[in-house]
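# Results of the structural survey
This is what each chain is made of:
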Amino acid sequence: MIFKICSYIYIVVTIIVNYFSPVFAASTSCNLSLSKIIHQYPYVQKYLGVYIVDLESSAGSTGRAEVFSLNPDQLFIPASLSKIVTTITALKKLGTNYLFKTEVKYRGTMGGAETLPDTSPGTLHGDLYLIGKGDPSLVSEKLQRIVDQLYFLGLRKVQGDIIIDDSFFAQTESLRDVSDYSEYEERSNGEHPYNALASALSFNFNSAAIHISTNPFTIHLDPVDTPYIKLTDAVELAATNTNSSKKKFDISVHQVKNNDVNEEFKIVGSRALLPVGANTDHRLITFYRPVGNPTLYTGHIFKSLLEKNQITVSGTVKKLSTPLTPKDLKELKDLYTHHSEDLSHIIALANRFSNNFMCEQLLLTMGAELFGAPGTPGKGLRVISDLLDSIAFKNKNYQIVNGSGLTYRNQLSPRQIIQLLEYAHRDLSIYPEFLHSLAMPGAPGTLERWFPGNTRMHVIRAKTGSLSQKMLIHAISGYTSTKSGRHLAFAIMINVPHHTKNAMHLFLQSKQIEEKILSALANLP
């Protein structure tokens, strides 16, 4: 009997050792390897947080075997790693197949009535409504598609106004942390498209795309010029005999006026007078500048596109001052509804290219859909909070104040980031889409220039984050696999205060540390 019991114990121990020994061996080897890497940067250690787990194990404080940790519970400013929180929540709460709608409706009569002065079938005697529902991906070709569909449906004339409705979201200013960015934005004239205003009816990420051709010198708005956007040419002619390409064409674009009537952008700088049609210095340069009133901007572009496509409009563009009532909605008639690509496609763009505007639109959309329109930042943050509570988020001392991470007030720990990645990894209803949304070295996105030519590192899927105004922040988190195919989740976060001695030097070392850690993980046996 004793022999049998010992035999059973031996078999059980052997199975356990054989099953877990690769994990133990890899963890020990990895721990030594990563410790050696980090010790090369002694002055960065106090500003560095690292947490790595083996997703195929079942041990450790987060439910997975810990591979390596350094300050795992310290709170860091995550910058764009915040998008991990927003996009996972959106996939789960809205669903991977969620579609954004942009509706075209009308009030009045559509041609054919003998009592009306114009009885042509394609004439709308009334107002045309363009109603936004938060689509962050409504760009030039998609708004053109809406106009094309209206033309194909027979619309040729609007004997009324274009009424634009953005009431699906509350009237919000930029969702940046004003205390962090107001001084910086004032110095730079608020010209950064990454900080464009959110709105339920948006177009081209709520930034004007201004195309400037060098030879011949021309200025155009994409996709169509509109009286609402005034482009003023204040470019000076430089000496024609200069050999400096910079002097031949050295210009910039600044917004100089913004009100409810129009917005003005001034093009300033200098250019050389070149022969028209010459093959020298022929370039097309595009400047992106955020607009001050996204809804009016979208409405005026829509009107100009209608007219460009032989649909005349007798009235003007008007923005609804109050939301439509149920009675109003009953009086409106459907003409056409545009649907976006599904949410998984939009989230891929948001994460791979770290698009702040898209994530703030997602935050407001979640608020509107789950707690009722109008969507507000507070409602959206409540959706996120509910998800984090449902997965028993570790250490509830985190802070999330916006959806994009364009703030210095968001705070998360490396362990909390990993818990979110584990949550997504366990949920097959969102994991394939979330994994697909992350950037990969060598592919278009934020990791395009990482590990050039090293195909082994293509096993990495990650989200990056960086800020540099009030604090120097660099971070990366995601998934990778070892040579044997074991899947790991990692979070690396670095926050260096500006007042730190040699702060910029330490900040520049951040990417070196991250690359060395990821290379070590991907090359584990």
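Residues numbered from 1 in each chain as written. Predicted model: local features only at pLDDT ≥ 70, side-chain atom pairs only at ≥ 80, totals over all residues. Heavy atoms only, no water.

## As for the overall build of the protein
Where we set the bar: The helix count covers DSSP runs of H or I at least four residues long, the strand count covers runs of E at least two residues long, and both are numbered beginning at the N terminus. Here the term buried applies to any residue with accessible area under 20% of the maximum for its type, exposed to any over 50%, and partly exposed to those in between, with areas from a 1.4 Å probe on protein chains only. Here, residues are in contact when the closest pair of their heavy atoms is within 4.5 Å. Areas reported here follow the Shrake-Rupley algorithm with a probe of radius 1.4 Å; residue values treat only the protein chains shown as occluding.
From N to C terminus, the protein includes 13 helices and 18 strands. Taken across its 525 residues, the protein has 52% of its residues classed as buried. Contacts spanning at least 24 positions in sequence make up 73% of the contacts within the protein whose residues lie at least 6 apart. When the accessible surface of the protein is summed, it comes to about 23,400 Å², and 54% of that surface belongs to carbon and sulfur atoms.

## Things to note about the side chain of Glu 103
Checked against the element boundaries, Glu 103 lands in strand β3 (residues 101-110). Aside from chain neighbours lying at most four places away, what touches Glu 103 is Tyr 129, Leu 130, Ile 131, Lys 133, Tyr 336 and Thr 337.

## Observations concerning helix α8 (residues 343-352)
Along α8, seven of the ten residues are buried, which leaves the element largely enclosed by surrounding structure. Against the buried residues of α8 lie α2 (82-94), α9 (356-371), α12 (431-437) and β16 (461-467). Positive phi shows up at Ser 354, right after α8, with a value of about 50°.

## So, unusual backbone geometry
Excluding glycine, a negative phi dihedral is what most residues carry, and trans is how most peptide bonds are arranged. A cis amide bond links Asp 222 to the next residue, Pro 223, at an omega of 0°. Structurally, Pro 223 can be placed in the loop between β8 (217-222) and β9 (229-238). With an omega of 5°, the peptide bond between Ala 373 and Pro 374 qualifies as cis. Residue position: Pro 374 is located in the loop between α9 and α10 (377-390). Here Asn 71, not a glycine, exhibits a phi torsion of approximately 50°, which is positive. Positionally, Asn 71 belongs in the loop between β2 (65-70) and α2. Backbone geometry at Phe 451 places phi at a positive 50°, although glycine is not the residue there. As for its placement among the helices and strands, Phe 451 is situated in the loop between α12 and β16. Here Phe 451 falls in the buried class, since its relative accessible area comes to 11%.

## So, the sheet that holds strand β7 (residues 207-214)
Neighbouring strands of a sheet are bound in pairs by backbone hydrogen bonds; such pairs are parallel or else antiparallel. Cut-off, in case you're wondering: Pairing between two strands is assigned when DSSP locates at least 2 bridges connecting them. For helices, the fitted line uses only the C-alpha atoms of the stretch in contact; every axis is such a line through C-alpha atoms, and the angle between N-to-C directions lies from 0 to 180 degrees.
The antiparallel open sheet is built from three strands, whose spatial order is β8-β7-β12. In the strand order of this sheet, the two ends are held by β8 and β12 (284-290), each with one partner. Between one strand axis and the next, the sheet turns by 20° as a mean value, whatever way the strands run. In terms of strand pairing, β7 meets β8 through six bridges, oriented antiparallel. Note on β8: the bridge partner recorded for Ser 213 is Thr 218.

## A few points about the packing of aromatic side chains
As a reminder, the rule being used: Each pair of aromatic rings taken from Phe, Tyr and Trp, with Trp reduced to its six-membered ring, is defined by centres within 6.5 Å and is described as stacked if the planes are under 30 degrees apart, edge-to-face if over 60, and tilted in the remaining cases.
Taken as a whole and judged by the stated rule, the model has nine aromatic pairs. Between the aromatic rings of Phe 205 and Phe 357, the centroid separation amounts to 6.1 Å while the plane-to-plane angle is 85°, which identifies the pairing as edge-to-face. Placement of the pair is Phe 205 in the loop between α4 (178-187) and β7 and Phe 357 in helix α9, with a sequence separation of 152 residues. With relative accessibility at 29%, the residue Phe 205 sits in the partly exposed group.

## Focus: the nonpolar core
Definition in use: Throughout this description, the term nonpolar core refers to a set of buried Ala, Val, Leu, Ile, Met, Phe, Trp, Tyr and Cys residues connected via side-chain atoms within 4.5 Å.
Residues Ile 88, Leu 343, Ile 417, Leu 421, Phe 434 and Tyr 479 are the most contacted members of the largest nonpolar core, which totals 46 residues. With sequence-adjacent residues up to four places away left out, Leu 421 is seen in contact with Ile 84, Phe 434, Ser 477, Gly 478, Tyr 479, Ala 489 and Phe 490.

## Topic: the sheet that holds β16
The five strands lie next to each other as β2-β1-β18-β17-β16, forming an open sheet whose pairing is antiparallel. Sheet topology places β2 and β16 at the edges, where each strand pairs with a single neighbour. With direction set aside, neighbouring strand axes in the sheet form an average angle of 5°. Where strand β17 (residues 471-481) meets strand β18 (residues 487-497), eleven bridges bridge the pair, whose relative direction is antiparallel. Bridge pairing in β18 links Ala 475 to Met 493. The strands touched by helix α11 (residues 414-426) are β1 (48-54), β2, β17 and β18; relative to β18, the strand with the most contacts, the crossing angle is about 150°.

## Focus: the environment of Gly 405
Mapped onto the fold, Gly 405 is located in the loop between α10 and α11. Each C-alpha atom of the pair Gly 405 and Leu 81 lies 6.9 Å from the other, and the pair is 324 residues apart in sequence. Not counting chain neighbours up to four residues away, the residues in contact with Gly 405 comprise Ala 79, Ser 80, Ser 82, Asn 410 and Leu 467.

## Some details on the confidence of the model for the protein
Going by this rule: Along the chain, pLDDT gives the predictor's confidence residue by residue, from 0 to 100.
On average, residues of the protein carry a pLDDT of 85, and 83% of them reach 70 or more. Low confidence marks residues 2-26, where pLDDT is under 50. Its contacts with residues over four positions away, or in another chain, come to seven contacts. For the stretch residues 181-189, pLDDT sits under 50, and the model shows 17 contacts to residues farther than four places along the chain or on other chains.

## Some details on the environment of Ser 385
Tracing the chain through its elements places Ser 385 in helix α10. Taking the C-alpha atoms as reference, Ser 385 lies 9.7 Å from Gln 399; in sequence the two are 14 residues apart.

## Considerations on the packing of α9 against α10
Selection rule: If an angle is under 35 degrees, it is roughly parallel; if it is over 145, roughly antiparallel; if it lies from 65 to 115, roughly perpendicular; otherwise it is oblique. We call Asp, Glu, Lys and Arg charged. Ala, Val, Leu, Ile, Met, Phe, Trp, Tyr, Cys and Pro are nonpolar, and the rest, Gly among them, are polar.
In the contact formed by α9 and α10, the axes pass within 7 Å of each other and the chain directions differ by 80°. One finds that α9 runs roughly perpendicular with respect to α10. Residues Leu 363, Leu 364, Met 366, Gly 367, Leu 370 and Phe 371 of α9 form the contact with α10, whose own contacting residues are Pro 377, Lys 379, Gly 380, Leu 381, Arg 382, Val 383, Ile 384 and Asp 386. Broken down by class, the residue content of the contact of α9 with α10 amounts to nine nonpolar, two polar and three charged.

## Some thoughts on the packing of helix α3 (residues 140-152) against helix α6 (residues 294-308)
Relative orientation and spacing of two packed helices are given, respectively, by the angle between their axes and the distance between those axes. To keep it simple, the criterion reads: Throughout, a crossing is termed right-handed when the near helix is turned clockwise from the far one, and left-handed when it is turned anticlockwise from it by less than a right angle.
Here α3 crosses α6 at 45°, and the two axes come no closer than 10 Å. Judged by the inter-axis angle, α3 sits oblique to α6. Considering only the axes of α3 and α6, their crossing is right-handed. Contact residues: α3 offers Leu 143, Gln 144, Ile 146, Val 147 and Leu 150, while α6 offers Ile 301, Phe 302, Leu 305 and Leu 306. The residue inventory of the contact of α3 with α6, partitioned by class, reads eight nonpolar, one polar and no charged.

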